[in-house]
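# Coordinate analysis (summary)
Now for the letters of each chain:
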Amino acid sequence: MPNTVDTNKSAQPVYGGKNKLIGKDYPTADLYAKVTGKAKYAEDYRAEGMLFCRLLLSPLPHARVKHLDLSAALAMPGVKGILTADELPAPADSLTDNGTVIRANKLGERGLTNEPLYQGEPILAVAAVDELTAVEAIEKIHIEFERLPFAIDPLDTLRPGGPNPRVGGNIWHRPPAALMKPGERPAPPPPIEIKELKWTEADFAEAKQGRMPMGHVPEDPANSWSYGDVETGFKNAALVLDETFVTPDTSHQCLEPRSTMAYWQNGKVHVYTGTQSMIQTVPAVARWLNIDPSNVVLVSEYTGGGFGSKGTAAISLIIPALLSKKCNAPVMMRISREEEHFIGRARPSLTGRMKVGFSKEGRIVALDMFSIINNGPYDAVGDAPTSGRIVSLLYQPQAMRFRGLTILTNTPPRGAQSAPGGMQGISLMEPILAKAARKLGLDQVAIRRINAPEGKPPFGAANSQGKRAYATSSFIKQALDRGAEKFNWNERVARNPKRIGTKVRGVGVSMSCYSGGSTGFDGLTLIKPDGRICFQSGIGNLGTESVIDVHRVTAEILGVPWEKCDVCWGSNSKNVAWSCVSGGSQTTHAMTRAAHAVGMEAKLRLQEIAAKTLGGKPEDYEVANERVFRKGGGAGLTLAQAAQKAIQLGGIYDGHESNPDVNRYTKASIKALAGQGLVVSARDKYPRDGSTYSFVASFAEVEVDVETGKYHLLDFLAYADVGSVLHPKTLGGQVMGRSVLGMGHAIGQKWVMDPAYGAMLSRRFHHSKPPTILDIPARMEWAALDIPDPETPVGSRGIGEPPVGGGCSAILNALSDAVGDEVFRRAPVTPDTILAALEAGRPMQHPLMAHI
Amino acid sequence: MADMAGTKKTEHTKAVSRRKFIQGVIAGGAGASSATYLFRASGVVSGAGARERLITLNVNGQQRRVDVMKQETLAMTLRYKLGLTGTKIGCDRAECGACTVLIDDVPRYSCSTLTHTVRNAKIVTVEGLAAADGTLHPVQQGILEEQGFQCAFCMSGFIMATTGFLKTNPNPTRAELAHGISGNLCRCQDYDKILTAMMRGAELMRGARHA
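Per chain, residue numbering runs from 1 following the sequence as it is written. The naming scheme follows written order: chains are lettered A onward, ligands numbered 1 onward. Local features are withheld for residues below a pLDDT of 70 in this predicted model, meaning they are given only at 70 or higher, and side-chain atom pairs are given and counted only at 80 or more; totals for whole chains, interfaces and linings count all residues.

### So, the overall build of chain A
Secondary structure is summarised from DSSP: a helix means a run of H or I of at least four residues, a strand means a run of E of at least two, and numbering begins at the N terminus for each. Within chain A, the secondary structure is distributed over 21 helices and 36 strands. Over its C-alpha atoms chain A spans a radius of gyration of 28 Å, differing by no more than 12% from the 29 Å that the globule rule assigns to 852 residues. Its C-alpha atoms put chain A at 85 × 70 × 65 Å along the principal axes. The exposure scheme places C-beta atoms from the backbone and then counts, for each residue, the other C-beta atoms within 10 Å of its own, assigning buried at 20 or more, exposed at 12 or fewer, and partly exposed in between. The buried share of chain A, reckoned over its 852 residues, is 58%. Only C-alpha atoms enter the radius of gyration, while the globule expectation follows 2.2 Å times N to the 0.38, with N the number of residues.

What follows is the structure, given as structure tokens:
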């Protein structure tokens, strides 16, 4: 890292306008516990008589357990129980809130298995008085495997006669639903199956030239669609580029391994874990264990990183819960860093081919996109279809055809990782856009501007009614303009010379976007007889602080100073509201809506209480400054008095009745809070026209040493279009943090696997090293447009994922600006990639060699 | 790499090398290859392996009597025997720094320090930084003021690394501080905000000294 400049950042704009709380900085309530070491993460809990659990992991990428002898292990003093796959409960179907049955995938991940589908898959779990004993017991287990064919490269499975990763094939297939008679209730869709897909030798002819082969794709509306006239577009294009690009597999590598402690008490299972949603993990645990959700007590106060990998329940929660039941004692399952690389999920690599037609002004007139996702052996991730949707939204091609395939392999299971699919789609498209601008003699900002979405931009294919989906808004053109100004884009581009000695500078810009919010969740607030107000938050605490930030909206509406507010979070035993999962960057949008709804509901209830107590009509009263009082001044009640009155009134006021709109989990919490004060609940029923997306314009400058191939990130700016700013400091942390997560994919992170043995070689941090404090750009800045989203009452949208693709692609584009377009065809770009290509004068990496 | 002041900590003469650490584990009776996390619950003696021995440790200014195995790491002793769970284990192999504590004022990875080697040393963990009346250490206060960190699983390690670094360089540049705490990983990648918070902590610390 060049040390010459100390950051002298330009002043941040003032956010939040006239608001007292929304858009303002404040210290979040969970920080004190964090800085003093008092914050408890899953592995910090203890229970009397707690046992420890270790896992026996498969040494083979695909095998069947032929023989298992546990006797020597079970005979050891201190060994309390061994759990095998045969003892797992059957996967349960689940029921959504609107009564739809979701059939359990009987071929999905179970937690333990007798047919391991990847090296490192847990086969059985041993509980013992301590870990040393558990490990010694595992050494004494006699196990014999029958080896089965395996595949780690998705293209290999598609070759004629190529190996199948699972018995029966290499892709998931859902048979079509039975035809419905008019007026009949739709039957649940049939269970998903595994099918075989093979391409022909002719399909693979292009692979030798380093171009991704493109064979048959089964019919599926999410993975095979088009709009506009693509062929005519290519015919009329001034420039057509046809490029293959590959993105890396990248483990989530949460700093907190997914350790979990569990015990059973009075028929209820108590689970201490880290998760991306406190409340939604409750039904998920129930589903995995096949028990009633009312028998689940979940504790998750602090979560040490998720990035999509700690969605709700997972095998890491279920194994200690089942072992605890079997041994009748609390069980702690600590997950090691190596195990984390096996079971801790990863972003799937995407092998992509893009044929793009440009007008001479740089407008994308036609796009033919093909994505192949390396999925691992279990449930399909959504990265392939999402990559097409995001590219269609962000670059607004006039005509587009998309094909996607999600291929099963014997590699560790993938999961959603910050901007799943979007990040890969953007990093396929951006290098092509950069190359096109150079070929057409256009400015890099200008070519993005001309393709950028605005207004209510459409995306994807038309539905059966001929309508295309669209976003609620996009102001990314303004973000590009203001960002270019703040970054001194024109001056940097004009700077001469680019090369001094062996050092060459390059600048890059990228657009980026991802989903930014959902709707329909609940708010639950308790105004206590002492005048304090408590927000019952079911949100997971990932450190983005949305678990706390969103409730500022309710306080703002009620005019309550933040010092009088408490946020109650971390366990369903604390009686919290039904909330979204903190994934898909939903929370800020979804839960500020719920917080707004409950704020308005509380206002109404306070007005009603005042009218009942002091006479007149509810609308004669207003709520401000911790009081409800007659409009224009006069008689009123403090919030404390109103809460006391609510208890006297009972019914809907103190929670003995609940708002009929809210979820059954919120209703259960209301019941438990009843009588404690003014209990207010509401569901977000605000309308929304369009799907919610957030956008970021990202700018980067790099310096490449062409003699060594080593490069430094000098400067980075992210300009965000995320609606109204809720909390500037946490927003900034997310914009920069997620940008750097994206940069990891550009500068060095990847999986490497041994093709001969199907063995994972990237098992520790330093094998796929996340960016360190010395890898980040020497100077980093962010800013937000602060333009409210027109389709949500608070105007705020989510930000977790939208910056990721921009962080990766701005760096890739700056690198190609420095060293040229023909140096790399896959990310990450390492010094040897650059050096080898510069010396040979052509790309030296074959893009289609997986896991290199 | 103009200033390498931050690397001074590696010159500490008492530092245990990786080789010595592994020798210590082997001498302790456990195969170094068997598993990543190994420890014996207090008071339990089962199977083969090490016996525990009662030693005294100076932790956060207190003398603590504790039974430890020869191959036991300081991170495990702190977390499972002394109840000091503020020290986190992120990798258990000196990669991430989440377990950093001060040993005689020097930041060290407690996952890779054998407990029996620090019997005569002064150990400070994140729990030992705030004053008895609850007043936060300036480095902690800086984080509060700047909303440093996100998930914060790495935070106590960063706090201890920074506190140790500031003892050798109380007035660092941003780049010097980054070098000084570069042995710690943050997967939320909140480095820029962390540096801002830690620079604020350094400033508060200098102010406190002059006051």
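### Some words on the overall build of chain B
Within chain B, the secondary structure is distributed over 6 helices and 5 strands. Two residues qualify as being in contact provided that their C-beta atoms, derived from the backbone, are within 7 Å of each other. Residue pairs at least 24 apart in sequence account for 62% of intrachain contacts in chain B once pairs closer than 6 positions are excluded.

### Some words on the nonpolar core
All names here are of chain A. Cys-53, Val-126, Val-285 and Ile-811 are the most contacted members of the largest nonpolar core, which has 297 residues in total. The element contributing the most residues to this core is helix 16 (residues 587–614), with 10 residues. Apart from residues lying up to four places away in sequence, Cys-53 is in contact with Ala-125, Val-126, Ala-127, Ala-134, Ile-319, Pro-320, Leu-323, Val-331, Met-332 and Met-333. The nonpolar core criterion groups buried Ala, Val, Leu, Ile, Met, Phe, Trp, Tyr and Cys residues into a set whenever they are joined through C-beta atoms within 7 Å.

### Section: helix 16 of chain A
Residue and element names in this part refer to chain A. A helix's residues, less one, multiplied by 1.5 Å, set its expected span. Here helix 16 spans 39 Å end to end across 28 residues, near enough to the 40 Å set by a 1.5 Å rise per residue. The buried count for helix 16 comes to 21 of 28 residues, which makes it a mostly enclosed element. Phi turns positive, to about 90°, at Gly-615, one or two residues after helix 16.

### As for the interface of chain B and chain A
Counting from both sides, the interface comprises 56 residues of chain B and, opposite them, 59 residues of chain A. Among the elements of the structure, helix 3 (138–146), helix 4 (155–168), helix 5 (174–180) and helix 6 (191–210) of chain B are those that each provide at least two residues to the side of chain B that touches chain A. Lys, Arg, Asp and Glu make up the charged group, whereas Ala, Val, Leu, Ile, Met, Phe, Trp, Tyr, Cys and Pro make up the nonpolar group; the residues left over, Gly among them, are polar. Broken down by class, the residue content of the side of chain B that touches chain A amounts to 29 nonpolar, 16 polar and 11 charged.

### So, the pairing of strand 4 (residues 106–109) of chain B
Residues and elements named next belong to chain B. On strand 4, burial covers both faces: Val-106 and Arg-108 on one face and Pro-107 and Tyr-109 on the other are all buried. Strand pairing requires that DSSP identify at least two bridges connecting the strands. Strand direction decides the pairing type here: strand 3 (residues 100–103) and strand 4, joined by 4 bridges, are antiparallel. Paired with Thr-100 across the bridge in strand 4 is Tyr-109.

### Points about the sheet that holds strand 33 (residues 711–721) of chain A
Residue and element names in this part refer to chain A. Taking strand neighbours across the sheet as the criterion, the 5 strands line up as 23-24-32-33-36 in an open arrangement whose pairing is mixed. Edge positions in the open sheet fall to strand 23 (499–500) and strand 36 (779–784), since each of these has one partner strand only. Pairing geometry for strand 24 (residues 503–515) and strand 32 (residues 693–705), over 13 bridges, is antiparallel. Across the sheet, Val-509 pairs through a bridge with Phe-699, a residue of strand 32.

### With respect to the packing of helix 16 of chain A against helix 17 (residues 639–649) of chain A
Residues and elements named next belong to chain A. Orientation of helix 16 relative to helix 17, taken along the N-to-C sense of each, is 75°, at an axis distance of 10 Å. Between helix 16 and helix 17, the angle is such that the two are roughly perpendicular. Taking contact as the criterion, the partners of Leu-606, Ile-609, Lys-612 and Thr-613 in helix 16 are, on helix 17, Ala-642, Lys-645, Ala-646 and Leu-649. For the contact of helix 16 with helix 17, the residue count by class is 5 nonpolar, 1 polar and 2 charged. The axes are straight lines fitted to the C-alpha atoms, using for helices just the contacting stretch, and the angles between their N-to-C directions are given from 0 to 180°. When an angle is under 35 degrees it counts as roughly parallel; over 145 it counts as roughly antiparallel; between 65 and 115 it counts as roughly perpendicular; any other value is oblique.

### Looking at the environment of A:Gln280
All names here are of chain A. Here Gln-280 shows up in helix 6 (residues 278–289). Between the C-alpha atom of Gln-280 and that of Asn-328, which follows or precedes it by 48 residues, the distance is 26 Å. Apart from residues no more than four positions distant in its own chain, Gln-280 is found in contact with Thr-312 and Val-581.

### Considerations on the confidence of the model for chain B
Residue and element names in this part refer to chain B. Here chain B averages 84 in pLDDT, and 75% of its residues register 70 or above. Counting contacts from residues 1–14, a segment whose pLDDT is below 50, to residues more than four positions away or on other chains yields 20 contacts. Note on scores: pLDDT gives the predictor's confidence for each residue, bounded by 0 and 100. In this model, residues 40–49 is a region of pLDDT below 50 whose contacts with residues beyond four sequence positions or in other chains number 25 contacts. Two numbers describe this predicted complex: its pTM, 0.94, and its ipTM, 0.96.

### Section: the sheet that holds strand 1 (residues 51–57) of chain A
Paired through their backbone hydrogen bonds, the strands of a sheet run either parallel or antiparallel. Residue and element names in this part refer to chain A. Across the sheet, 7 strands lie side by side as 3-6-1-16-13-14-15; this open sheet has mixed pairing. This sheet does not close on itself; its edge strands, each paired only once, are strand 3 (79–84) and strand 15 (296–299). Strand-to-strand twist of the sheet, defined as the mean angle between neighbouring strand axes without regard to direction, takes the value 25°. Examined bridge by bridge, strand 1 and strand 6 (residues 122–128) share 6 bridges and lie antiparallel to one another. Among the inter-strand pairings, Leu-55 is bridged to a residue of strand 6, identified as Ala-125. Each of strand 14 (268–272) and strand 15 touches helix 6; the most contacted strand, strand 15, lies at about 135° to it.

### Let's talk about unusual backbone geometry
All names here are of chain A. Pro-497 follows Asn-496 through a cis peptide bond whose omega is -10°. Topologically, Pro-497 is positioned in the loop between helix 13 (489–494) and strand 23. Note that the residue after Ala-827, namely Pro-828, is joined by a cis bond; omega there is 0°. You can see Pro-828 is positioned in the loop between helix 20 (803–819) and helix 21 (831–840).

### A short note on the environment of A:Val299
Residues and elements named next belong to chain A. Residue position: Val-299 is located in strand 15. Assessed through the 19 C-beta atoms surrounding it within 10 Å, Val-299 is described here as partly exposed. For the pair Val-299 and Trp-569, spaced 270 residues apart in the sequence, the C-alpha separation amounts to 9.4 Å. In contact with Val-299, other than residues within four places in its own chain, are Tyr-272, Gly-570 and Ser-571.

### A look at helix 17 of chain A
Residues and elements named next belong to chain A. Of all the residues in helix 17, the buried ones are Leu-639, Ala-642, Ala-643, Lys-645 and Ala-646. An end-on view of helix 17 places all buried positions within 160° of arc, on one side of the element. Packed against the buried residues of helix 17 are strand 25 (522–527), helix 16, strand 29 (627–630), strand 30 (636–638) and strand 31 (678–683). One or two positions beyond helix 17, positive phi appears at Gly-650, with a value near 65°. Summarising the geometry, the arc corresponds to the directions from the helix axis toward the C-beta atoms.

### Let's talk about the environment of A:Pro803
Position of A:Pro803 among the secondary structure elements: in helix 20. For the pair A:Pro803 and A:Val696, spaced 107 residues apart in sequence, the C-alpha separation works out to 5.8 Å.

### Observations concerning the packing of helix 10 (residues 422–440) of chain A against helix 20 of chain A
All names here are of chain A. Relative orientation of the contacting elements helix 10 and helix 20 amounts to 25°, with a least axis distance of 9 Å. In terms of orientation, helix 10 lies roughly parallel with respect to helix 20. The handedness of the crossing between helix 10 and helix 20 comes out as right-handed. Residues Gly-422, Met-423, Ile-426, Ser-427, Glu-430, Pro-431 and Ala-434 of helix 10 pack against Val-804, Gly-805, Cys-808, Ser-809, Leu-812, Asn-813 and Ser-816 of helix 20. The residue makeup of the contact of helix 10 with helix 20, split by class, is 7 nonpolar, 6 polar and 1 charged. Crossing handedness is defined as follows: a turn of the near helix away from the far one that is anticlockwise and smaller than a right angle gives a left-handed crossing, while the clockwise case is right-handed.

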